[in-house]
Amino acid sequence: MKLAKINKWFGEKHVLKDVSLEFPAGQTTVLVGPSGSGKSTILRSLNLLEQPDRGTYDFDELHLNFAKSVSRKQKLLLRQKTGMVFQDYNLFPHLTVLQNVTEGPIRVLKKSKETANQEALEILSKVGLRDFADAYPAQLSGGQAQRVAIARALAMKPEYVLLDEPTSALDPELELEVLRVLLRLAQENQSLIIVTHNMVFARRVADKIVFVEDGTIKYDGDPAAFFVPDNPDERIRHFIAAMT
Ligand code: ADP
Ligand code: MG
């Protein structure tokens, strides 16, 4: 999966400036950087929640050129290949945990209710919530709700799971239970792309670190070389010092 020379404007504001990035399959890419630098816009572009104005996006057999039009079919295919998990969970309040997880597989993937239920229960076990299948979102802690949101994304069998600050709404102890689930998925070589401000977690989970600043990529590579106290880039050095 690869973006090349992506540019995006919101009105007059140039928010992504020639962003080129590869996201290796089976690995975890972590995007970090100051607020407003463009991290969410990159993630949302991968899922086509935002459409860049220029640049290309290659994913398996799909080749999108944003200077031309993107077809509805291309959009749907890309949405299936990428599952997004949001900061505020976005669960359906009137559905049970199980129904939240099976809704997409039944409606979009046309799975039978039996198959969808069985797969959902397996995924819920994986995120430690098998016993909460019949609970409603209002009965869950934030950490549990976010794990349901992750289960819901996984149930759609996306190639990549995209997570935009998945724990920033959570207290530290609830954050931990979500981070454990993500570490486990990373160990299983689920392709992940995570935006986070948690540098300890970033360092632990990342196969690749991307530092975004003012709509440009200032670092793209090995986490070990990024998290060094004497990083040669002064901005990165200050950012890491301020965040840890
Ligand atoms: P980050 O996730 O790194 O905090 P964002 O990608 O959310 O940054 O935002 C990048 C820039 O684009 C910011 O200046 C933000 O205010 C602006 N922006 C984001 N979304 C919109 C939008 N829908 N309309 C106008 N400006 C936006
Ligand atoms: Mg953001």
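Residues numbered from 1 in each chain as written. Chains lettered and ligands numbered in written order. Predicted model: local features only at pLDDT ≥ 70, side-chain atom pairs only at ≥ 80, totals over all residues.

### Some remarks on helix α4 (residues 113–126)
Across its 14 residues, α4 extends 20 Å between first and last C-alpha, which sits within 8% of the 20 Å expected from 1.5 Å per residue. Against α3 (97–107) and α5 (142–155) lie the buried residues of α4. (Helix = DSSP H or I, 4+ residues; strand = E, 2+ residues; numbered from the N terminus. Expected span 1.5 Å × (residues − 1). Contact = placed C-beta atoms within 7 Å.)

### Focus: the sheet that holds strand β4 (residues 54–59)
Read across the open sheet, the 4 strands follow the order β2-β1-β4-β5; overall the sheet is antiparallel. Each having just a single partner strand, β2 (13–22) and β5 (62–65) make up the two edges of the open sheet. For this sheet, the mean angle separating the axes of adjacent strands, direction not counted, is 20 degrees. Pairing of β4 with β5, which is carried by 4 bridges, proceeds in the antiparallel orientation. Considered in β5, the bridge of Asp58 is made with His63. Lying on the sheet, helix α1 (residues 39–46) is in contact with β1 (2–10) and β2; it crosses β2 at an angle near 60 degrees. Its contacts with the sheet put helix α2 (residues 72–81) on β4 and β5, and the angle it makes with β5 is roughly 120 degrees. (Pairing = 2+ DSSP bridges. Axes fitted to C-alpha atoms, helices over the stretch in contact; angles between N-to-C directions.)

### Some remarks on the site of ligand 1
Every residue close to ligand 1 is listed here: Phe10, Val15, Gly33, Ser35, Gly36, Ser37, Gly38, Lys39, Ser40 and Thr41. Among the elements that take part in the shell around ligand 1, α1 stands out by supplying 3 residues, more than any other. Class assignment for the residues of the shell around ligand 1 results in 2 nonpolar, 7 polar and 1 charged. (Near = placed C-beta within 6 Å. Nonpolar A, V, L, I, M, F, W, Y, C, P; charged D, E, K, R; others polar.)

### Some remarks on the pairing of strand β7 (residues 160–164)
Along any regular strand the residues' side chains alternate between the sheet's two faces. With 5 of its 5 residues buried, β7 lies for the most part within the structure. As defined by bridge partners, strand β6 (residues 82–85) adjoins β7 across 4 bridges and the pair is classed as parallel. Note that in β7 the partner of Gly83 across the bridge is Val161. As judged from the 5 bridges shared by β7 and strand β8 (residues 191–195), these two strands associate in the parallel manner. Counted as the bridge partner of Leu162 is Ile193 from β8. Viewed along the sheet, the connection from β7 through helix α6 (residues 172–187) into β8 turns out right-handed. (Buried ≥ 20, exposed ≤ 12 C-beta atoms within 10 Å, placed from the backbone. Right-handed = clockwise from strand over helix to strand, strands pointing away.)

### A look at the UniProt feature "domain: ABC transporter" (unreviewed entry) in the protein chain
The sites that carry the UniProt feature "domain: ABC transporter" (unreviewed entry) are, in the present numbering, residues 1–239. Each end of residues 1–239 is marked by a C-alpha atom, and these two atoms are 28 Å apart; helix forms 38% of the span and strand 25%. (UniProt positions renumbered as here; feature names shortened; annotations may be inferred.)

### Observations regarding the confidence of the model for the protein chain
The share of residues in the protein chain with pLDDT of 70 or more is 100%, and the mean pLDDT across the chain is 96. The ipTM, which scores confidence in the relative placement of chains, is 0.98 for this predicted complex, and the corresponding pTM is 0.96. (pLDDT = per-residue confidence, 0-100.)

### Brief notes about the sheet that holds β7
Sheet strands associate in pairs through backbone hydrogen bonding, adopting either a parallel or an antiparallel arrangement. Strands sit in the order β6-β7-β8-β3-β9-β10 across an open sheet of 6 strands; the sheet is mixed. For this open sheet the edge positions go to β6 and β10 (216–221), each flanked by a neighbour on one side alone. Averaged over all adjacent pairs, the angle separating strand axes in this sheet is 15 degrees, with direction ignored. The pairing of strand β9 (residues 208–213) with β10 spans 5 bridges and is classified as antiparallel.

### Observations concerning the nonpolar core
Soluble globular proteins tend to bury their nonpolar side chains together. The biggest cluster of nonpolar side chains holds 65 residues, and the ones touching the most others in it are Val101, Ala151, Leu162, Leu182 and Ile209. Considering every element that reaches this core, the biggest residue donor is α5, with 8 residues. In this structure, Leu162 is in contact with Leu43, Leu46, Asn47, Thr82, Gly83, Met84, Val85 and Ile193, ignoring residues within four places of it in sequence. (Core = buried A, V, L, I, M, F, W, Y, C linked by C-beta atoms within 7 Å.)

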